[in-house]
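Listed below are the residues making up each chain.
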Amino acid sequence: MFLRWLAFLFLPLILAACGGPAEPVWAPDAVVKQAVYAHDGPPRVTLFTVVSTRNGSGGHSGLMVNGAERVMFDPAGTFKVPFAPERNDVLFGMTERALAAYVDYHARPEWKVRVQDLDVTEAQAAALLAAVKAYGAVPKAQCSLAITRILSGVEGFENVGVGYFPNALAGDFGALSGVRERLVTDAPADTSHNVIFEPRR
């Protein structure tokens, strides 16, 4: 309890140190339309939490939504590839290749990736897709805040607490019924960065 109190006490200083303004990005209509990808799996939401291998602290959160199309909400993220165009932290064209690149990008000797999958209804997937597209560009250090705000506003996710901390978000998400979880470390991740990141000819 004391440690949690300290975390909230120093939160403004932490955010001031690593924060920054949002960086709006808006890919052209033609580029997004060409990239749109519909996965043939069930409606699903996947939470990615990047966790330090040194001390277990959470470094970043990303949310992939599979509904009428599959997109990645990567708030304040730095992942950029030419085959997944971005509109204000929403990455379109999340094919298996793009997904592999996303996980590989974040799995490093210093970081592991906690992946949590949850099958949802079509209505939930549609609501989440609409919410991530409407949220707008996210300021630095607010990745988990943006995702928790979105999730907590959708039926079935009311127990996800709104906050800034990736591990707290992962804990709340993991407590939902039906969540399946796996951990990706640098060892099994595809480390051929320069190959997977090159656009296909």
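Now for a look at the structure at hand. Within each chain, residues carry numbers counting from 1 in the order of the written sequence. At least 70 in pLDDT is required for a residue's local features to be given in this predicted model, at least 80 for side-chain atom pairs to be given and counted, and no such filter applies to totals for whole chains, interfaces and linings, which use all residues. To obtain the side-chain values, all non-hydrogen atoms of the structure were included, while hydrogens and water were left out.

What follows deals with the environment of Ala68. The way it works is that DSSP assigns letters per residue, a run of H or I at least four long becomes a helix, a run of E at least two long becomes a strand, and they are numbered from the N terminus. One can find Ala68 in the loop between strand S2 (58-66) and strand S3 (70-73). Taking relative accessible area as the criterion, Ala68 reaches 71% and is therefore assigned exposed. Considering only alpha carbons, one finds Ala68 and Asp40, 28 residues apart in sequence, at a separation of 9.5 Å. Any two residues whose heavy atoms approach within 4.5 Å at even a single point are treated as in contact. Excluding residues that lie within four positions of it along the chain, Ala68 makes contacts with Ala38 and Leu129. Each residue gets one of three labels from its accessible area relative to the maximum for its type: buried under 20%, exposed over 50%, partly exposed in between, using a 1.4 Å probe on protein chains only.

This paragraph deals with the sheet that holds strand S5 (residues 90-91). Paired strands are those between which DSSP finds at least two bridges. One open sheet holds the seven strands; their spatial order is S4-S5-S3-S2-S1-S6-S7, and the pairing between them is antiparallel. The open sheet has two edge strands with one neighbour each: strand S4 (86-87) and strand S7 (180-184). Lines fitted to C-alpha atoms define the axes, with helix axes restricted to the stretch in contact, and inter-axis angles between N-to-C directions lie between 0 and 180 degrees. Across the face of the sheet, helix H5 (residues 143-152) comes into contact with strand S1 (44-52), S2 and S3 while running at roughly 35° to S2.

Bringing the pattern of salt bridges into the picture now. Any Lys or Arg side-chain nitrogen found within 4 Å of a carboxyl oxygen on Asp or Glu counts as a salt bridge. Considering all chains together, one arrives at eight salt bridges under this definition. Among the ionic pairs, Lys80 bridges to Glu86, the shortest N-O distance being 2.5 Å. Note that Arg182 is salt-bridged to Asp117, the shortest N-O span being 2.8 Å. Of the two residues, Arg182 is situated in strand S7 and Asp117 in strand S6 (residues 111-119); the sequence distance between them amounts to 65 residues. Using a relative accessible area of 11% as the deciding quantity, one classes Asp117 as buried. Sharing partners across several salt bridges, the network here consists of Arg44, Asp119 and Arg180.

The next subject is unusual backbone geometry. Unusually for a residue other than glycine, Ala76 sits at a positive phi of about 60°. The topology assignment puts Ala76 in the loop between S3 and S4. Exposure remark for Ala76: the relative accessible area of 15% places this residue in the buried category. In this model, Asp89 sits at a positive phi of 75°, which is unusual for a non-glycine residue. Here Asp89 falls in the buried class, since its relative accessible area comes to 6%.

Proteins that are soluble and globular tend to have nonpolar side chains buried together. By convention a nonpolar core is built from buried Ala, Val, Leu, Ile, Met, Phe, Trp, Tyr and Cys residues, the set being connected through side-chain atoms within 4.5 Å. Counting residues in hydrophobic clusters, the biggest one holds 29 residues, and the most contacted among them are Val45, Leu63, Phe73, Leu128, Leu151, Phe157 and Phe173. Listing elements by their share of this core, those giving two or more residues are S1, S2, S3, helix H4 (122-135), H5 and helix H6 (166-174). Beyond its immediate sequence surroundings of up to four residues, Phe73 is in contact with Gly62, Leu63, Asn88, Asp89, Val90, Val132, Tyr135, Val138, Ala146, Ile147 and Ile150. With 18 residues, the next largest nonpolar core counts Phe48, Met64, Phe79 and Phe83 among its residues.

This next bit is on the pairing of S2. On a regular strand, each side chain points to the face opposite its neighbour's, so the side chains alternate between the two faces of the sheet. Among the nine residues of S2, seven are classified as buried, and the element is accordingly described as predominantly covered. Sheet analysis places S1 next to S2, joined by eight bridges and oriented antiparallel. For Arg44, the partnering residue across the bridge sits in S2 and is Asn66. Direction of pairing for S2 relative to S3: antiparallel, over a ladder of four bridges. Within S3, the position partnered with Met64 by the bridge is Met72.

This part is about the packing of aromatic side chains. Two rings belonging to Phe, Tyr or Trp (six-membered ring only in the last case) form a pair when the distance between their centres is within 6.5 Å. Interplanar angles under 30 degrees mark stacking, angles over 60 mark edge-to-face geometry, and anything in between is tilted. One pass over the structure, following the stated rule, counts five aromatic pairs. A centroid spacing of 6.0 Å and a plane angle of 65° characterise the contact between Phe73 and Tyr135, whose relative ring orientation is edge-to-face. One end of the pair, Phe73, is in strand S3; the other, Tyr135, is in helix H4, and 62 residues separate them in sequence. Looking at Tyr135, the relative accessible area reads 28%, which means it is partly exposed. Judged by centre distance (5.5 Å) and plane angle (65°), the rings of Phe79 and Tyr105 are edge-to-face. Of the two residues, Phe79 is situated in the loop between S3 and S4 and Tyr105 in helix H3 (residues 96-106); the sequence distance between them amounts to 26 residues. Classification of Phe79 by relative accessible area gives buried; the value is 1%.

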